[in-house]
Number of protein chains: 2
Amino acid sequence: MQNANINFSASPITNKKYALPTKLNDKQNLDLFIEENAQKKIVVVQGLGFVGAVMSIVCANSFKDEYAVIGVDLPNKENFWKIKSLNDGIFPLSVEDKKIDLFFENSIKKGNFYATYDPYAYSLADTIIVDINLDVQKNVKDDNLLESFDLDLTSFKSAISSIGENCKEDVLVLVETTVPPGTCSKVVAPILKTKLNDRGLNDSRVKIGHSYERVMPGPDYIDSIQNFYRVFSGVDKKSIIATEKFLKTIINTDQYPLTMLNGTNATEMAKVLENSYRSMNIAFIVEWSRFAEESGVNLYEVVEAIKMRPTHSNMMFPGIGVGGYCLTKDPLMASWSRKNIFRSEPLAQSEVSVKINDQMPKFAFEFFTSRYKESLDDKKVLFLGVSYRGNVGDTRSTPVSLIYDLFLSNGANIYLNDPLVPFWEEKNIKVETSIDSSLSKKIDVIVISTGHTLYKSKRFIENLMKKPELVIFDTIGMLSKNQIKLIETKHKIFVLGRGDLK
Amino acid sequence: MQNANINFSASPITNKKYALPTKLNDKQNLDLFIEENAQKKIVVVQGLGFVGAVMSIVCANSFKDEYAVIGVDLPNKENFWKIKSLNDGIFPLSVEDKKIDLFFENSIKKGNFYATYDPYAYSLADTIIVDINLDVQKNVKDDNLLESFDLDLTSFKSAISSIGENCKEDVLVLVETTVPPGTCSKVVAPILKTKLNDRGLNDSRVKIGHSYERVMPGPDYIDSIQNFYRVFSGVDKKSIIATEKFLKTIINTDQYPLTMLNGTNATEMAKVLENSYRSMNIAFIVEWSRFAEESGVNLYEVVEAIKMRPTHSNMMFPGIGVGGYCLTKDPLMASWSRKNIFRSEPLAQSEVSVKINDQMPKFAFEFFTSRYKESLDDKKVLFLGVSYRGNVGDTRSTPVSLIYDLFLSNGANIYLNDPLVPFWEEKNIKVETSIDSSLSKKIDVIVISTGHTLYKSKRFIENLMKKPELVIFDTIGMLSKNQIKLIETKHKIFVLGRGDLK
């Protein structure tokens, strides 16, 4: 375990350690950067995580090249390495999108991007984009059963305060963070106005917009920002106008027209509704998966037949569970808002959907043991994939975590494979990235847990067929009908949601 | 109230009364019909309701004209009029689809359709299509709150027995009725085999298929059978082959290819899953409607913005509730099957969705009273539409029923308008079909409750604007943005799911 009095911040990408700054002043560098970009408007991006880092370079590569961009994050153990890494020319995410390399190199060449921890940056900005995280705190019992949850706005409020203490009085603050509906009008606006007032400035000129991102880590990372539909609004008319004008400079709005809603409550609601819908659709199919397993039905085949109808095209297939940063918390955030900001009932269905989805890996494990019947004690189990999504190296809230724990606590010896995740941060474990190496070991059970394209390849299936008889558990319906037919000739196979395979 | 010892059956279409038959034998007519159609294969359709009546004439107009069709229903008060009406040349449904008239006239001309009550018909059949109703019995508390439910298979089993007691040993019995998953293999097959055995016949030649209909009453009634995708299966291989062969003769499978599933459990599950999905999607948006109303958000605008994403295109808009025969019961039927046929857990989410949807008209009423504030005592309230669906004259399980009751019990004087429903059977009330006549009355409140095209016409809005100031409650988001802008200049308007209109 690491030392609590740690005074450095380490990059999980390069493993390089950066000493935390002792003197929190970066004014000289910032002034120099501004001088070098004297003709440019200044965009500051607050938060350099999965959204902010990419948003920064999208802004630094705006269509008319009118921006110099400053990325801001906190000088602490978790975040300082991102600042240093960016200024060292190393992008702080391990990504599969070639456009990111291109955009990042371009911005280095042009010299219109700089990262800092100094809130002085906000004083220079014409536009400030808020891309910080806002988490939901879940209290769970055994096997990830959600008992209660809360949302703590403290650090979000302090980030907004930091802007208000430094910004120009007519700045545009564009919130992209997923927030509880009501936040821009009832939290952000009052803080900014109070801070401007405290500084003796006019509090009626600040513009506050909200436009949620639909960022999808993976091979189309940049396109999920630049070439995708956006919904936006602002707390008043001038904010709406300023937000629209700004978005048009970085998003391909000719092909993906913007949708304006009539207030920030509406755009904030749109984001959490969008994700609650998806969460509910996933949760919906869970009990049908069990029903299909019990009644000898192949649920994949049934869902495919139904999805043929356009009115039913969003129906989901069975699966191991839900991961990532958004779907696992946004429905709860919506419910929190309704209770705590609008003093009404919870959103019961949204809460239930998260509760069900959180338990999905447990249901998958139970299905496995009901079929496998043998003891797992000392069995060698290979997991294919720890990321929460195919072709993405992202383990945030991955459902593989819980099913891994369950195999482990039942005595299995576990091998992990993931071509995109060399190190599983949340579990602090190394992961094998070579599939050949993983398959060369003696294995009793293979759990297919992430739909990486590599696992679907012909070569992989051929190698699988060379192994001595084993059990394969497909938790995501990855294998095709023909692959299953082939595998069945040698191995035993269980597929979640398929009651027709004996 | 009507006499319980009634000995006639009355047509709600023509009001004609038919004396119930005293001697239950129609052999002579049936034999004559067979003789006249000596070259044809015989299809018997069991049940002459919303599906069976139309299915009968679709079969009588098969692509190669190879069938003579006998429709069978029971000689009781509820159904006997359908038999007589059909044989009198009057179609037993009030329909908006011109194709129905055409198909029915054709079959009369050709003389290849006959209706009867005599189970002797089953003995003549090459194919028997089961289109009888199977209902769920709901136990509800005040305001339609679902407390429990049950499903009674007695009459379904007796209908299948009636087939088994008469049919040829190699008949194809094609079940189209929505049944609990497991019914064909665990109920229909054992009954037919036992009955064949009892008659000293070979019990291994009977073929049992299942292919659920997706019939949609309305202007495309026939097309919803003939030009639409179908899922099918059978209890064994010969049943699957026979079912496919038959369906190809009546459905345009070149354009709408059939989907074969690997057993009747799967097709039965597909139907109830399909409707449970829709029910859940409707229920999902209910609490968001309340949330939008509380937070000043126009939920229509938000949902529109989100539906732009193909992954979210099935999201529903706010509404008054769910009606019709399928969505209000199928999710419960699924859950009943899982509990009673497969001895497992209930489908909790499916049950919840029905419970929520059943209460939607109550929520709509509560929203109204929270805005209206005045007493409804002696207020004149005009309902536009009693049908459960726009452009359809069908009041089965219409959500208008509950909101009507709530206005009534709060003292309102109610006028009903529906161009397609001259008489509201379930409530035993006459309904005004002329909108001009309805609008000529003194009115305090208009409730827009069904989306008939007529109510969307320019002329209707113009007439509305000539009325003295009143309150309009749009429960289905029927009015366009521009219509609302216009109406707001004179009348007060409330729209369900819109918190932005004050």
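All values derive from a computational prediction rather than experimental measurement. (Residues numbered from 1 in each chain as written. Chains lettered and ligands numbered in written order. Predicted model: local features only at pLDDT ≥ 70, side-chain atom pairs only at ≥ 80, totals over all residues. Heavy atoms only, no water.)

**Q** What should I look at first to understand the pairing of strand 4 (residues 67-72) of chain A in this one?
**A** Each regular strand carries side chains that alternate between the two faces of the sheet. Residue and element names in this part refer to chain A. Most of strand 4 sits out of view: six of its six residues are buried. The alternating pattern of strand 4 places Y67, V69 and G71 and A68, I70 and V72 on opposite faces, both of which are buried. By the bridge criterion, six bridges tie strand 3 (residues 41-46) to strand 4 in an arrangement that is parallel. Residue pairing across strands places Q46 opposite V72, the latter belonging to strand 4. This β-α-β element, strand 3 to helix 2 (residues 52-60) to strand 4, shows right-handed connectivity. As judged from the four bridges shared by strand 4 and strand 5 (residues 113-116), these two strands associate in the parallel manner. Bridge pairing links I70 to Y114 in strand 5. (Buried < 20%, exposed > 50% of the residue type's maximum accessible area, 1.4 Å probe, protein only. Helix = DSSP H or I, 4+ residues; strand = E, 2+ residues; numbered from the N terminus. Pairing = 2+ DSSP bridges. Right-handed = clockwise from strand over helix to strand, strands pointing away.)

**Q** Just checking my understanding: could you explain the sheet that holds strand 4 (residues 67-72) of chain B for this structure?
**A** Within a sheet, neighbouring strands are paired by backbone hydrogen bonds and run either parallel or antiparallel to one another. Residue and element names in this part refer to chain B. Judged by pairing direction, the sheet is mixed, and its eight strands sit side by side in the order 5-4-3-6-9-10-11-12 without closing on themselves. Across the chains shown, the open sheet's two edge strands, defined by having one partner strand only, are strand 5 (113-116) and strand 12 (259-260). Judged from the four bridges that link them, strand 6 (residues 127-130) and strand 9 (residues 172-175) form a sheet pairing that is parallel. Bridge pairing links I129 to L174 in strand 9.

**Q** Would you explain the relation of the copies chain A and chain B in this entry?
**A** In this arrangement, two copies of a chain are superimposed by a rotation about an axis accompanied by a shift along the axis. Relative to chain B, chain A is turned by 180° and slid 0.0 Å along the rotation axis, the superposed coordinates differing by an RMSD of 0.0 Å. Those values place the two copies in the arrangement expected of a two-fold rotation axis. Within chain A, the C-alpha atom positioned nearest to the axis of rotation is that of N314 of chain A, 3.1 Å from it. Interface overlap between copies: 98% of the residues of chain A at the interface are likewise at the interface in chain B, consistent with a symmetric, same-surface contact. (Least-squares fit on C-alpha atoms with pLDDT ≥ 70 in both. Contact = heavy atoms within 4.5 Å.)

**Q** Even after reading the chapter, I still don't get the nonpolar core, so can you show me in this structure?
**A** Note that soluble globular proteins tend to have their nonpolar side chains buried in a common cluster. In this structure, L273 and W288 of chain A together with L273 and W288 of chain B are the most contacted members of the largest nonpolar core, which totals 154 residues. For L273 of chain A, the contacting residues outside a window of four places in its chain are F284, I285, W288, L299, V302, V303, I306 and M315 of chain B. (Core = buried A, V, L, I, M, F, W, Y, C linked by side-chain atoms within 4.5 Å.)

**Q** Would you mind going over the pairing of strand 19 (residues 492-495) of chain B with me for this structure?
**A** Residue and element names in this part refer to chain B. Judged from the four bridges that link them, strand 18 (residues 471-474) and strand 19 form a sheet pairing that is parallel. The partner of D474 across the bridge, within strand 19, is V495. This β-α-β element, strand 18 to helix 16 (residues 481-488) to strand 19, shows right-handed connectivity.

**Q** Even after reading the chapter, I still don't get helix 9 (residues 264-294) of chain B, so can you show me in this structure?
**A** Note that an α-helix has 3.6 residues per turn; residues three or four places apart therefore point the same way. Residues and elements named next belong to chain B. Under the 1.5 Å per step criterion, the end-to-end length of helix 9 is 46 Å for 31 residues, consistent within 8% with the ideal 45 Å. Of all 31 residues that make up helix 9, 29 are buried, and the element is covered over most of its length. Once helix 9 finishes, G296 follows within two positions and takes phi at roughly 70°, a positive value. (Expected span 1.5 Å × (residues − 1).)

**Q** Explain the side chain of T259 of chain A here, please?
**A** With respect to the helices and strands, T259 of chain A occurs in strand 12 (residues 258-260). For T259 of chain A, a relative accessible area of 16% translates into the label buried.

**Q** Please clarify how the packing of aromatic side chains should be interpreted in this entry.
**A** Two numbers describe a pair of aromatic rings. These are the distance of the centres and the angle of the planes. Within the structure shown, the criterion is met by 44 aromatic pairs over all chains. Each member of the aromatic cluster is reached from another via a ring pair, and the members are F365, F367, F368, Y372, F383, Y404, F407, W424, F473 and F494 of chain A. Here the guanidinium or amino end of K329 of chain B rests over the ring plane of Y325 of chain B, the centre of that ring lying 4.5 Å away. When the ring centre of Y415 of chain B is taken as origin, the NZ or CZ atom of K441 of chain B, which lies over that ring, is 5.5 Å away. (Phe/Tyr/Trp six-rings, centres within 6.5 Å; stacked < 30°, edge-to-face > 60°. Lys NZ or Arg CZ within 6 Å of the ring centre and 35° of its normal.)

**Q** What is the right way to look at unusual backbone geometry in this model?
**A** Note: most peptide bonds trans; most residues except glycine with negative phi. Residue and element names in this part refer to chain A. Of note in the backbone geometry, D143 takes a positive phi value of approximately 55° without being a glycine. The residue D143 is located in the loop between strand 7 (136-140) and strand 8 (146-151) in this model. Its relative accessible area of 31% is what places D143 among the partly exposed residues. At N428, a residue that is not glycine, the phi angle is positive and equals roughly 60°. Mapped onto the fold, N428 is located in the loop between strand 15 (423-424) and strand 16 (429-430).

**Q** So what exactly am I meant to see when it comes to the sheet that holds strand 6 (residues 127-130) of chain A here?
**A** Residues and elements named next belong to chain A. Overall, mixed pairing links the eight strands, which are arranged 5-4-3-6-9-10-11-12 in an open sheet. In this open sheet, the two strands that pair with only one neighbour each are strand 5 and strand 12. In this sheet, neighbouring strand axes are inclined to one another by 25° on average, regardless of whether the strands run parallel or antiparallel. Here two bridges tie strand 10 (residues 207-210) to strand 11 (residues 230-234), and the two strands are oriented antiparallel to one another. When the bridges of strand 11 are listed, H210 appears paired with S233. Along the sheet, helix 8 (residues 237-250) contacts strand 3, strand 4, strand 6, strand 9 (172-175), strand 10, strand 11 and strand 12; its crossing angle with strand 11, the most-contacted strand, is approximately 150°. (Axes fitted to C-alpha atoms, helices over the stretch in contact; angles between N-to-C directions.)

**Q** Would you mind showing me how to read the interface of chain A and chain B here?
**A** Quite often, the size of an interface is put as the accessible area lost when its parts meet. Listed as interface residues are 60 residues of chain A and, on the opposing side, 59 residues of chain B. Interface area for chain A against chain B, summed over the two sides, is near 5,400 Å², with a carbon-plus-sulfur share of 66%. Linking chain A with chain B are four salt bridges. Between R338 of chain A and E294 of chain B there is a salt bridge whose closest N-O contact spans 2.7 Å. One can count 29 residue pairs in polar contact (both at pLDDT 80 or more) joining chain A with chain B. Elements represented by at least two residues in the side of chain A that touches chain B include exactly strand 12, helix 9 (264-294), helix 10 (299-307), helix 11 (330-340) and helix 12 (348-372) of chain A. Per element, the largest residue contribution to the side of chain A that touches chain B is 21 residues, and it comes from helix 9 of chain A. Of the residues contributing to the side of chain A that touches chain B, the split by class is 36 nonpolar, 14 polar and ten charged. (Buried area = accessible area lost by both parts, 1.4 Å probe. Salt bridge = Lys/Arg side-chain N within 4 Å of Asp/Glu carboxyl O. Polar contact = N/O pair within 3.5 Å; in protein donor to acceptor, adjacent residues only side chain to side chain. Nonpolar A, V, L, I, M, F, W, Y, C, P; charged D, E, K, R; others polar.)

**Q** Would you take a moment to explain the packing of helix 11 of chain A against helix 12 of chain A for this structure?
**A** Two packed helices can be described by the angle between their axes and the distance between those axes. All names here are of chain A. One way to put it is that helix 11 packs onto helix 12 with a least axis distance of 8 Å and a crossing angle of 150°. What the angle tells us is that helix 11 and helix 12 run roughly antiparallel. Pair helix 11 / helix 12 crosses with left-handed handedness. Contact residues: helix 11 offers P331, L332, S335 and K339, while helix 12 offers S350, E351, S353 and V354. (Parallel < 35°, antiparallel > 145°, perpendicular 65-115°, else oblique. Left-handed = near helix turned anticlockwise from the far one by under 90°.)

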